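# Secondary and tertiary structure notes
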Amino acid sequence: MRSGEMAKLTQLIDNEVFRAYATYTTIVLLKMMLMSLITAYFRITRKAFVNPEDTASFGKGESAKKYLRTDPDVERVRRGHLNDLENIVPFLGVGLLYALSGPELSTALLHFRIFAGARIVHTFAYLIPLPQPGRGLSWAVGYAVTISMAYKVLKTVLYL
Amino acid sequence: MRSGEMAKLTQLIDNEVFRAYATYTTIVLLKMMLMSLITAYFRITRKAFVNPEDTASFGKGESAKKYLRTDPDVERVRRGHLNDLENIVPFLGVGLLYALSGPELSTALLHFRIFAGARIVHTFAYLIPLPQPGRGLSWAVGYAVTISMAYKVLKTVLYL
Amino acid sequence: MRSGEMAKLTQLIDNEVFRAYATYTTIVLLKMMLMSLITAYFRITRKAFVNPEDTASFGKGESAKKYLRTDPDVERVRRGHLNDLENIVPFLGVGLLYALSGPELSTALLHFRIFAGARIVHTFAYLIPLPQPGRGLSWAVGYAVTISMAYKVLKTVLYL
């Protein structure tokens, strides 16, 4: 990295790109955490549990055992949650390195906003559910943003 | 490493809040990694595998095929592992941003200690298992700590 | 946010250890993201879907319903993907803290290169699949590298 770029980078942290990264990362992580509450909501309203100790309040023996079952709505939320993990973990890591690689503020904001928007749309598309290719496209947009940031990181810091 | 760079690194790693974050993050990540070993232990002792190549040492054909099955103990550990991923990933990201947002050392330590303690209790509650609401409460405590840190991050850095 | 503390992190991008961390982390996260595309490839070629809306293009009713099924190849890629999450998330967190703990460049490179190599071998071992202990050993190598970095982090920063 050239030292001119370095001088700008030293001011980066109390700077706007890192603050934008912090803001959008916190938003998508909170959104991901929301999936746990939605799963709990559907498990309770659909009475569909997986751990025997979770059904103890419904009585003992067979009367409780029937609630140890899978429910399509619960499984759908869980798939959305896992998809979040698979996509938000790369954003967390690549996004941090990207924010430190000295992008233009406007370019960085564009990446972060599109990613966060795409993941929120993806969640709605999964849970409603919207007809395809709604979910597929929202997934692909978030994926493409992460690839774009990864390319910038590797171009800037490559050290093998 | 050049000593000039060394000095810069020492500055960040000298920060007590950041050192506390580094310590507790490493502890919860090691705890999460332990789940892999516990899964392997139960797969081997219960003889319950999922990949055909993993049962090759038991012979060929039907004699090995019977070990391709699910086991309640294995599945329980795997659920605990996934729950760790769902909750420790947000802590990893939000906690880093929180540590950089300039919290009081005592407040930060309180957050990190409670989170790590809650996740350790959660693991015992899941694996023993403890009757509910033991597992549910320990999960909720870790969740609330992460929300509290996220609130501090957004209050400090918000840049949309 | 106090700008004095925040400024320190930005200087890291010029540090060779941190650049190596950024490079190898981006590589393993891209490798992990590739698993999504491989899953999609197998779902489409094997016609094995999990969401009813994904099979709408095959017609309505029973003709589409038969594609809502599990396929051994799809499930194998998904297990590899989950194993990536379980192992690359600890690397992401512990590796960052390790890079900040002031290791020798040559030692750090050794850790990062072995980890990345082990995870790439693990993916091939899982998808081909190679006979055991191919997959098990590649998993263990990556695991051991992360433990070694965690030990260095705790030795350097421990603050309980």
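Cut-off values and rules
Residues numbered from 1 in each chain as written. Chains lettered and ligands numbered in written order. Predicted model: local features only at pLDDT ≥ 70, side-chain atom pairs only at ≥ 80, totals over all residues. Heavy atoms only, no water. UniProt positions renumbered as here; feature names shortened; annotations may be inferred. Helix = DSSP H or I, 4+ residues; strand = E, 2+ residues; numbered from the N terminus. Polar contact = N/O pair within 3.5 Å; in protein donor to acceptor, adjacent residues only side chain to side chain. Contact = heavy atoms within 4.5 Å. Phe/Tyr/Trp six-rings, centres within 6.5 Å; stacked < 30°, edge-to-face > 60°. Buried < 20%, exposed > 50% of the residue type's maximum accessible area, 1.4 Å probe, protein only. Core = buried A, V, L, I, M, F, W, Y, C linked by side-chain atoms within 4.5 Å.

Naming follows an unreviewed UniProt entry, where chain A appears as Microsomal glutathione S-transferase 1 of Otus sunia. The heading Sequence similarities (unreviewed entry) in the UniProt record of chain A holds the text "Belongs to the MAPEG family." The UniProt entry for chain A carries the following text under Subunit (unreviewed entry): "Homotrimer; The trimer binds only one molecule of glutathione."

Turning next to the side chain of C:Thr123. Residue and element names in this part refer to chain C. Structurally, the position occupied by Thr123 is in helix H5 (residues 105–127). A distance of 2.9 Å separates polar atoms of two side chains, one belonging to Thr123 and the other to Lys31. Sequence-distant contacts of Thr123, that is, excluding residues within four places in its chain, are made with Lys31, Met35 and Asp84.

Tallied over the entire structure, the rule returns 30 aromatic pairs over all chains. Measuring from ring centre to ring centre gives 5.4 Å for A:Tyr41 and A:Phe42, while their planes differ by 70°; the resulting arrangement is edge-to-face. A relative accessible area of 17% means that A:Phe42 is categorised as buried. Between B:Phe18 and B:Tyr21, the ring centres sit 6.0 Å apart and the planes meet at 50°, which makes this aromatic pair tilted. Of this pair, B:Phe18 and B:Tyr21 are both found in helix H2 (residues 16–45), three residues apart, which corresponds to roughly one turn of the helix. According to the relative accessible area criterion, B:Tyr21 is buried, its value standing at 2%. Here the aromatic cluster, defined as three or more aromatic residues joined through ring pairs, consists of A:Phe18, A:Tyr21, A:Phe91, A:Tyr98, A:Phe112 and A:Phe115.

What follows is about the nonpolar core. Nonpolar side chains in soluble globular proteins tend to end up buried together. In terms of nonpolar packing, the biggest core is built from 96 residues, with A:Phe112, B:Phe112 and C:Phe112 touching the most fellow members. Among residues more than four places away in sequence, those in contact with A:Phe112 are A:Val17, A:Ala20, A:Tyr21, A:Tyr24, A:Phe91, A:Tyr98, A:Ala99 and A:Met149.

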